[in-house]
Amino acid sequence: MIKMKGKTRIVIKGHLDQEWTNRFEGMKISYEAGSTILSGNLKDDSHLHGILEIIRDLNLTLISVNPEGN
Amino acid sequence: MLLTKLHIPQAGNNVVHRSELFEKLKSGLSRKLILVSAPAGYGKTTLLSDWINQNKISAAWLSLDNGDNDPAVFLSYVISGIQGIQADFGQSALRLLNSPNSPSVESIASLLINDLLIIDKNLLLVLDDFHLIRSNEISKLVIYFLEHIPGNIHFVILTRSDPALSLSRLRSQHQLVEIRLSDLSFSANDIFVLFNKKLKLVLSIDDVCSLETKTEGWIAGLQLAALSMQGREDISKFVRDLKGDNRYIMDYLMEEVLKIQTDEIKEFLLQTSILEQMSAPLCNTVLNRSDSQLILETLERDNMFVIPLDNERNWYRYHHLFADLLRQRLILQSDLQLERLHNKACDWYDENSLPELAIYHALETRNFEQAIRILSRIVERMWEVGQHSAILRYGNLLPDEVIKGNQEFALYYSWILITAGQVAESEKYLDYAQKAIDSVIRGEGSAKKAIPDNKFLFGKLATTLAYMKLFSAPPETIIKYSEIAIDNLSGANPLWTGWAWYFIGNAELVRGGVHKGLDAFNRALEYSRKTDNIYLIATITSAIVSRRCALGQYRDAFALCTDTLSLMSRRGFSGIAKVEWTFTGLFSMMSVIQCFWTNYDEALENAKTAYKLCENARDIRYKIMALLAYSYALHAVEDKEGAFDKIGELEDVLKRYKIAPFLASTYIGWKIYLLIEKQEINKAADFAEEVGLEQHLKLSFETLYSYIHFARLLLQQNEYIRAEELMSEIYVIAKKANGIERLIDLKLAYALMYISKNEHEKALSEYIEALDMAADENLIIQFLFDLDQMGVLLNDVYRMHAEGKTSISDSFMQKFRQAVGSKIRQSKGSPDLGLSTREIETLKFIAEDLSNQEIADRLFVSINTVKTHLKNIFMKLGVDSRTKAVKKAKLLSLV
């Protein structure tokens, strides 16, 4: 399994309000062409899994997870 | 225990019955697992509860939460759930579960499987919100269940993400029915039924189709939409406007729903969203109201995502997703308000004896002091019922300083850490206790001063410190700590006093005081039997038994084993001993003793039990003991390959772990013996060199067994001088400790040496001395090992005994002769009874039931010759009829 750490960019389908920022600890919310971008520094794998779980629990559609700069 | 977790949630009035999915679920009644896997809000729970209700299927339902990640908690709920259907289910598993030494979950699972076999109708075991389970141990447990459940039991797992349960294997075995997102999403038809038939809203076909596209059939979204439509004039416009801006649909709908609520209801919804479950009194306290019951019932009636958790309408919860969305809005309002709400909820739960939920709210606002205050009141109980993972989880959540400041919690947390092998980690939490006890030892303070008002707590802390230092501190320290513990516990707490005595026993043994050690163990045993803690009882019994064996007190040792086992069954623990790994040692030693006594059948059976148990053993010593016992028993019944295989298994274990000298020496000695027996002298010598027997003689009582066999190896290599030197050193040590078993081994080695030196008389005298020593404890097996060489002594032994020249009892001599006789027959395959070839041929014909005349014809001899053969056969086999001759011949594998 690829270890996710450092600057990461998570793309979600649709527009998620800025109010949700506090739920995605350490991530910023921005928008790009109809998608919501969560970006920030990931501490480790569990941090990522925590975020993915929130995305799952809200039934948001995950489009991609990428290390930033690549 | 929260009984609300076992309640099957009711589907509500406006449920859309989904007959096509019912069909699919029905096919699950011939499978092991029904998996309903889809995101939140797709009606998983509703579907299942509706299906169960409509079809009156027996079901044990468990709504999981984060606290269920402790296997002990999880299993308690599972058992309680099934008890709702079969009242006597899982009684013994529950007793085993409620012990402070987290028994292996496999042991409990195998007991539960036995109980499940009794249930004869279809039974569903529903695990709702399984995605909250993160514990590998629980996943392993569910896998074990899935592998072993009978055909009428079916697991139903409702989850937001696929569980790690070997799904592809179940799929390929046709043991899995899956209901997924695409099955659950509402079709246009379902939407039409919900809005137009159930909710009596009037939607056009176009609106229905548009809703289907915009919500993608997501039921929670559709229901929020329905709520937002209440009282609207232009529903079509609402549908058109929906999701026009690509915004997260739930944010949009939630706002719409809240917009049309009164301020009062809006506030109620937001502020109660912090509650995992709600009752009217709880809501009244948290919100300073008095009409919460009315509001809750109104919310339920209005389909505001409120689910009753019992039939009496005492407890409710919100749909998880709905609560999540509400909470998100509440958090944005004010931190102060949030804290106030959590504090009130915490206090209410605490006052109403629901400590776990109180702790949950305290931790939500990082009120660690409050959390540990409540925890310290329940931690002993949690520890007693084996909720170790839960305690570890709390320990992880709390800051170190907070834990150090609460010795009650620190005590149990440390104990669990030590048991889990994290001794270093536990040290920091016991630092305070350590300082206190050291000042008591130095005479600088009393226990009362150190830990005010709580002598018992101080006693328990001292016990835990002794436990922590058992393997690192000098024995004197362990004894001192334990004595302080016993003094402070003042006999009031048998469990802790038992442990303290047990630690003293261990320390005495390290100091070399075998008898003092045994005395301490016996005190420990006395206390342990006043408790229901089977782990403590088994541990202490094993310790005593192994010491008694080392002292040659086999009868006492064996009697203690049977006594403990019968005590267990009197207490209602029968059956548990045979599944719980802590009894591995007991069964291993019983097997070895039975081998000594040549009770091979029982020995083999007990060795097999020990071997089965050791699979789950957490303590490596037990694994080694079981493998050695099994090897020994297999050898005793002439399965020499099997005996060697078990040594191979043992070596696999040894690659990964280090073991105590006594066990290591037993393994080394036994392997050398087996190699000598196989005539693989070079291999034996290489092995002896590899384990370092040759280079550094580390003779002690603990290691004697390996050196005795090393001496025998030297004899095989004709190194008489070195062998004799070694044997005389062994003798001094064995004699000093009065180790009967070792002395017998040694005498027999001497006998072998004299035989090969042709000094028959000396050999005979060693042999008879050995027999003399063995007679009291009825030890025979050691004499059966080198019969091919020792055989030359036997006639003289028997003669001397007959002439009254030995002091060996007749009864022992008789047993000895029998054992030798059957061993000779066994090991030679066909025993040398002096039967001629013709006589054996005759025997074979008798076995085929031929008449004397027929035999005569076959052998081309006269009938008189046949009769002579028969007479000789009868005499040599010691029988008096044809049937008995055949029987005996078969026994001896002659025919």
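From a predicted model like this one, the values you see are computed outputs, not experimental measurements.

(A) Spatial organisation of the interface of chain B and chain A. With 16 residues of chain B at the interface, the matching set in chain A holds 14 residues. Contributions of two or more residues to the side of chain B that touches chain A are made by helix H13 (249–259) and helix H17 (320–333) of chain B. Examining the composition of the side of chain B that touches chain A, we find that four residues originate from one element, H17 of chain B, more than from any other.

(B) The sheet that holds strand S7 (residues 306–308) of chain B, seen in detail. Residue and element names in this part refer to chain B. Across the sheet, three strands lie side by side as S6-S8-S7; this open sheet has antiparallel pairing. Each end of this open sheet is capped by a strand with a single partner; those strands are strand S6 (278–279) and S7. One ladder, built from two bridges, connects S6 with strand S8 (residues 315–318); its direction is antiparallel. When the bridges of S8 are listed, Ser279 appears paired with Trp315.

(C) Examining helix H33 (residues 584–596) of chain B more closely. Residue and element names in this part refer to chain B. For H33, which comprises 13 residues, the first-to-last C-alpha distance of 19 Å matches the rise-based estimate of 18 Å (1.5 Å per residue) to within 8%. The buried count for H33 comes to 13 of 13 residues, which makes it a mostly enclosed element. At the C-terminal side of H33, Thr598 shows a positive phi close to 60°.

(D) A look at the packing of helix H34 (residues 600–614) of chain B against helix H35 (residues 620–636) of chain B. Residue and element names in this part refer to chain B. Remark: H34 packs on H35, axes separated minimally by 8 Å, with the N-to-C direction vectors making an angle of 150°. Classed by the angle they form, the pair H34 and H35 counts as roughly antiparallel. The two elements H34 and H35 cross, and the hand of that crossing is left-handed. Seen from H34, the contacting residues are Tyr600, Ala603, Leu604, Ala607, Ala610, Tyr611, Leu613 and Cys614; seen from H35, they are Tyr622, Lys623, Ala626, Ala629, Tyr630, Ala633 and Ala636. Looking at the contact of H34 with H35 residue by residue, the class counts come to 14 nonpolar, no polar and one charged.

(E) Region of the structure containing the environment of Glu854 of chain B. All names here are of chain B. Along the chain, Glu854 turns up in helix H46 (residues 852–859). Residue Glu854 is classed as partly exposed on the basis of its C-beta count, with 14 C-beta atoms lying within 10 Å. Considered as a pair, Glu854 and Asp438 are 416 residues apart in the sequence and their alpha carbons are 93 Å apart.

(F) View of the confidence of the model for chain B. For chain B, per-residue confidence averages 89 on the pLDDT scale, and 96% of positions sit at 70 or higher. Two summary scores accompany this predicted model of the complex, namely pTM at 0.76 and ipTM at 0.88.

(G) Quick look at the sheet that holds strand S2 (residues 27–32) of chain A. All names here are of chain A. Read from one edge of the open sheet, four strands run S2-S3-S1-S4, paired in antiparallel fashion. On the outer flanks of this sheet lie S2 and strand S4 (62–67), each paired with one strand and no other. Mean inter-strand twist for the sheet, computed between neighbouring axes without regard to direction, equals 20°. Across five bridges, strand S1 (residues 6–13) lies against S4 in antiparallel orientation. In the sheet register, Val11 faces S4, and the bridge partner there is Ser64. Contacting S1, S2, strand S3 (35–42) and S4, helix H1 (residues 45–57) runs over the sheet at an angle of about 160° to S3.

(H) Fine view of the nonpolar core. Residue and element names in this part refer to chain B. Among the nonpolar cores identified, the biggest contains 279 residues, and Val126, Ala466, Phe503, Ala626, Ala629, Ala633 and Ala711 are the most heavily contacted of them. Here the element with the most residues in this core is H35; it accounts for twelve residues. Among the nonpolar cores identified, the runner-up in size contains nine residues, and Ala885, Val886, Ala889 and Leu894 belong to it.

What counts, and at which threshold
- Residues numbered from 1 in each chain as written.
- Chains lettered and ligands numbered in written order.
- Predicted model: local features only at pLDDT ≥ 70, side-chain atom pairs only at ≥ 80, totals over all residues.
- Contact = placed C-beta atoms within 7 Å.
- Helix = DSSP H or I, 4+ residues; strand = E, 2+ residues; numbered from the N terminus.
- Pairing = 2+ DSSP bridges.
- Expected span 1.5 Å × (residues − 1).
- Buried ≥ 20, exposed ≤ 12 C-beta atoms within 10 Å, placed from the backbone.
- Axes fitted to C-alpha atoms, helices over the stretch in contact; angles between N-to-C directions.
- Parallel < 35°, antiparallel > 145°, perpendicular 65-115°, else oblique.
- Left-handed = near helix turned anticlockwise from the far one by under 90°.
- Nonpolar A, V, L, I, M, F, W, Y, C, P; charged D, E, K, R; others polar.
- pLDDT = per-residue confidence, 0-100.
- Core = buried A, V, L, I, M, F, W, Y, C linked by C-beta atoms within 7 Å.

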